[in-house]
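Here's the letter readout for the chains.
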Amino acid sequence: MTKKRPDGIETYTAPAGGWGALKAVAKTLAHQQIVAQGAATLLKANQPEGFDCPGCAWPDPKHTSSFEFCENGAKAITWESTAKRVGPAFFSEHRVSDLYNWTDHALEDQGRLTHPLIYDRATDQYQPIAWDEAFSVIGSKLKALPDPNMAEFYTSGRASNEAAFLFQLFVRAYGTNNFPDCSNMCHEATSVGLPKSIGVGKGTVTLEDFDLADAIFSFGHNPGTNHPRMMTTLHEAARRGVPIIVFNPLKERALEKFAAPQDPVEMATLSSTRIASSYYRVKPGGDLAALKGMMKRIFERDDADIAGGGDGYLDNEFIRTHTAGIDALKEDVASTSWDEIEKKSGLTEAMIDSAVDVYLKAKNVILCYGMGITQHKHGTSTVQQIANLLMLRGNIGRPGAGICPLRGHSNVQGDRTVGITEIPNPALIDGIERAFGFRAPSEKGHNAVEAVEAIIEGRSKALVCLGGNLAVAMSDPQATFAGMRRLELAVHIATKLNRSHLLTAQTSIILPVLGRTDSDIQASGQQAVTVEDSMSMVHSSRGFLNPPGELLKSEPAIIAGIAKATLGSLHDIDWDGMVGDYNRIRDKIEIVFPDFHDFNARIRQPGGFRLDIPASHRQWRTASGKAEFLVGQALGGEEADPDMLILTTLRSHDQYNTTIYGLDDRYRGVFGRRDVIFMNKDDLARRGLADGDRIDVTSAAGGNTPPQTVRGYTVVAYDIPQGAIAGYYPEMNRVIGLSDYDKNSGTPSYKSAPVMVHRSESLHPSEALG
Ligand SMILES: Nc1nc2c(c(=O)[nH]1)N[C@H]1C(S)=C(S)[C@@H](COP(=O)(O)OP(=O)(O)OC[C@H]3O[C@@H](n4cnc5c(=O)[nH]c(N)nc54)[C@H](O)[C@@H]3O)O[C@H]1N2
Ligand SMILES: Nc1nc2c(c(=O)[nH]1)N[C@H]1C(S)=C(S)[C@@H](COP(=O)(O)OP(=O)(O)OC[C@H]3O[C@@H](n4cnc5c(=O)[nH]c(N)nc54)[C@H](O)[C@@H]3O)O[C@H]1N2
Ligand SMILES: [Mo]
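Given the structure is predicted, the values throughout are model-derived calculations rather than measurements.

Scanning the entire structure with this criterion turns up 25 aromatic pairs. Seen from their ring centres, Phe90 and Phe91 are 5.2 Å apart, and the 90 degrees between their planes marks the pair as edge-to-face. As far as the burial class goes, Phe90 and Phe91 line up, both buried. Taken together, the ring pairs in this structure connect Phe165, Phe436, Phe593, Phe596, Phe599 and Phe609 into an aromatic cluster. Over the face of the ring belonging to Tyr100 we find Arg499, whose NZ or CZ atom lies 5.2 Å from the ring centre. The ring of Tyr741 carries the charged tip of Lys743 above its face, separated from the ring centre by 3.9 Å.

Given below as structure tokens:
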């Protein structure tokens, strides 16, 4: 007899992709009321003359392919190109304190912002304001601050290269390096960790390398939901018989089996392809131990083989010519006991051994990873152990092999490349001087956590956001939201209304902006922008839809407006000229960053061009000039409280970060709700709990004092390692402390928050935020 599951919870048995994905797209198009225009819009995504899909940063085969179907790309595009609008009439009907009680889904689902708005405290409403007036209010508030370092300038990773470049130019001309950005909550462990290992903070592979790989390792990412076009690559590889080895605490359906909507046979016969050849359900945060275990076994096998007269398993030629530090690494993993490795990783020695088998058999290995690796207190160190593992067999810097961090936002990598960084290097400062004739500040500014801390402590008084939803994305909303409400100035350059806009400062302004899909007309005609994908390909993106209203401005135009109102004629920067013709912005980018030589010519080639990744051709821009084997952080022996659980936070299939498209998480069998916590059945039993019971989750340690609780969540018995639970981001951010982050990179440990759970007295889920 099958036991009835809680409402909306099912066991999903079908493959990922397939007809379910097509059905979901049809539903999304209808919900956004753009059925007629919808299909045509989708067909322009990632085409040579079209726009770059705002869904993810996975590359497209040369951006010249025919339309590649992608359910979640379709959701991202239709969410932006919706026919719904949120204008002055709406804001005159709703007070901000009422809107605050709406869900994140409902707020954004009102549609595209159409008018510049300013908050009026007397009526508790946002009211229209003219652009010039908005710019002048912002300029005068910023000028009035006693120190430019009292303002924070946030970037979310959808901004184009051109917008991000103008933003950093304006902010540095204003006088600070306070550049919190979404990357600080995302792949900062990669940006900080990899340069020390291989001299560059980006991936080393291209899409073509996947055709040559003999094995693919996938650590801590969920491509069926978050990088769906990667499924085409994995599907092809699986069909060629390439082993795909997955390390993930959850059995993500798309990594198990996938039906490609492009494949007529699979669609017609309802068949699918098995993706992972082996699936290791590592404990959250256990990857560091698993990687150390793999390396320990590789050294052991290498020694044994050599003792038996063999050549061993290491690429000694590569190690000798290209690397430093192998002895210390070998010593570290040798002194780490199997007992510790098994305990921390949740995997047995035999399992790790079988993963090593595959690794050693393959000539060319690519290792892909996502947030399951970076969002931990030891994220940076884990990234470096990934580089070590690859380097042991020379799997970096040759065809078919390399490291592949799956970036988040579609242009988060590009934004960093063109200068969004709180730690400017001398080359950037010299470049700005070359192009604009002034010396930018060189002292370190704030990253995302530091910016929010400064806001909470009242050291920072102003926040200007180029997109995003910083307050909701950040840990500890209790403290973060309160800090935001104490600001003197908050400015949001946004496409849609979100909760950060409702945390009103003394002066709060929302500026409606064109998105990727919108046509952008300036003095010299229709403009294209550029973006950089996960594989360092830079290409152009041109929207073509009629903008949602006449008043919207482009990101570059808004930044220039704020800059002129703040800086006046300081430094004699030609803001109008650059906004009138984005080619002129690109000319300046090329002067500041020589890697962009012939920028305007090269983006006109179909598919654009690839930025040089020195490690791809075995040039190592590290201090020693070699690729560095770096010893990993200790696994940490302290025995946790036996009642404590480790919470990892996830994206559902129906969300884009804080944007909640809908309430289903199809592949995990969750429908119509998000108020669930996944827990191992033995952990449930040990607490006398059953599938469907309501629980409270309380932070157990770390940075939010007093401890915070989310109440009334429904617990779902799930195939997840014992000792671990999983819940959705952003609802669970309440139990993640602001000071729980990787001290090397500042990346919050969203994937391993220590918590306690108790049976709940609440019949309904609590308001999780704020
Ligand atoms: N549709 C859609 N696309 C997106 C996004 C979105 O929200 N929606 N977000 C974009 C952004 S900004 C980003 S950064 C990426 C995020 O893409 P992912 O990195 O795939 O993001 P998460 O949902 O956080 O998933 C992390 C995966 O890691 C697993 N995991 C959790 N903890 C651990 C751990 O300790 N070890 C290991 N090995 N695995 C673990 C989870 O089970 C899950 O499968 O996607 C981008 N693309
Ligand atoms: N617990 C937990 N917390 C996390 C994570 C996690 O895995 N777990 N992941 C972290 C990660 S990886 C990231 S990247 C951050 C995400 O943090 P953010 O990037 O700040 O958040 P988003 O939800 O992507 O931002 C959505 C808003 O961006 C605006 N927007 C959309 N498109 C555009 C555009 O084209 N231009 C402009 N100007 N605005 C636009 C809209 O107003 C929309 O409401 O969250 C982090 N927080
Ligand atoms: Mo991200």
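Let us look at the site of ligand 2. The immediate surroundings of ligand 2 are formed by 33 residues, with Glu108, Tyr154, Thr658, Tyr729 and Asn733 found nearest. Thr658 is positioned such that a nitrogen or oxygen atom in its side chain is 2.6 Å from an oxygen atom of ligand 2. Between ligand 2 and Asn733, the relevant distance is 2.6 Å, taken from a nitrogen atom to a side-chain nitrogen or oxygen of the residue. Considering ligand 2 on its own, with 940 Å² of exposed area, one finds that the protein chains cover 97% of that surface. Breaking the shell around ligand 2 down by element, the ones donating at least two residues are α25 (470-473) and β16 (489-494). Counted by class, the shell around ligand 2 contains 14 nonpolar, 13 polar and six charged residues. Two domains each donate at least three residues to the shell around ligand 2, and these are domain 2 (85-186 + 411-605) and domain 4 (645-759).

With respect to the helices and strands, Asp124 occurs in the loop between β4 (117-120) and β5 (125-128). Judged by relative accessible area, which is 13%, Asp124 ranks as buried. Along the backbone, Asp124 and Thr348 are 224 residues apart, and their C-alpha atoms lie at a distance of 58 Å. Discounting residues that sit within four places of it in the chain, Asp124 has contacts with Arg95, Val96, Ser97 and Tyr119. Within the local environment of Asp124, its side chain forms a polar contact with the side chain of Tyr119, the two groups lying 2.5 Å apart.

Sequence positions flagged by UniProt for "domain: Molybdopterin oxidoreductase" (unreviewed entry) are, in local numbering, residues 112-497. Helix makes up 48% of residues 112-497 and strand makes up 14%, while its end C-alpha atoms are separated by 8 Å.

Turning our attention to the site of ligand 1. Of all residues adjacent to ligand 1, which total 31 residues, the nearest are Asn248, Glu252, Gly285, Asp287 and Gln655. Gly285 has a polar backbone atom sitting 2.6 Å from an oxygen atom of ligand 1. Where the shell around ligand 1 is concerned, the elements lending two or more residues are α11 (223-226), α20 (371-374), β24 (645-650) and β25 (655-656). Considered class by class, the residues forming the shell around ligand 1 number nine nonpolar, 18 polar and four charged. Counting the residues that make up the shell around ligand 1, at least three belong to each of domain 3 (188-405) and domain 4 (645-759).

In this section: the pairing of β24. Counting buried positions over the six residues of β24 gives five, a clear majority of the element. Across five bridges, the pairing between β24 and strand β30 (residues 724-728) is parallel. Bridge assignment links Thr648 to a residue of β30, and that residue is Ala726.

So, on to the sheet that holds strand β14 (residues 402-405). Pairing in this open sheet of five strands is parallel, and the strands run β11-β8-β7-β13-β14 from one edge to the other. Whereas interior strands pair on both sides, the edge strands pair on one side only; in this sheet they are β11 (278-280) and β14. Taking each pair of neighbouring strands and ignoring which way they run, the sheet shows an average axis angle of 15 degrees. Bridge count for strand β8 (residues 244-247) against β11 is three bridges, and the pairing is parallel. Residue pairing for β11: Phe247 is matched across the bridge by Tyr280. Running at roughly 130 degrees to β8, helix α12 (residues 230-239) makes contact with β7 (215-219), β8 and β13 (365-369) of the sheet.

On to unusual backbone geometry, then. Pro730 follows Tyr729 through a cis peptide bond whose omega is 5 degrees. Structurally, Pro730 can be placed in the loop between β30 and β31 (753-759). The phi dihedral of Asn657 falls on the positive side, at around 50 degrees, and the residue is not glycine. Relative to the helices and strands, Asn657 is located in the loop between β25 and β26 (659-660). Judged by relative accessible area, which is 15%, Asn657 ranks as buried.

Analysis parameters
Residues numbered from 1 in each chain as written. Chains lettered and ligands numbered in written order. Predicted model: local features only at pLDDT ≥ 70, side-chain atom pairs only at ≥ 80, totals over all residues. Heavy atoms only, no water. Phe/Tyr/Trp six-rings, centres within 6.5 Å; stacked < 30°, edge-to-face > 60°. Buried < 20%, exposed > 50% of the residue type's maximum accessible area, 1.4 Å probe, protein only. Lys NZ or Arg CZ within 6 Å of the ring centre and 35° of its normal. Near = heavy atom within 4 Å. Polar contact = N/O pair within 3.5 Å; in protein donor to acceptor, adjacent residues only side chain to side chain. Areas by Shrake-Rupley, 256 points an atom, 1.4 Å probe, with all protein chains shown as cover. Helix = DSSP H or I, 4+ residues; strand = E, 2+ residues; numbered from the N terminus. Nonpolar A, V, L, I, M, F, W, Y, C, P; charged D, E, K, R; others polar. Domains from an automatic or database assignment. Contact = heavy atoms within 4.5 Å. UniProt positions renumbered as here; feature names shortened; annotations may be inferred. Pairing = 2+ DSSP bridges. Axes fitted to C-alpha atoms, helices over the stretch in contact; angles between N-to-C directions.

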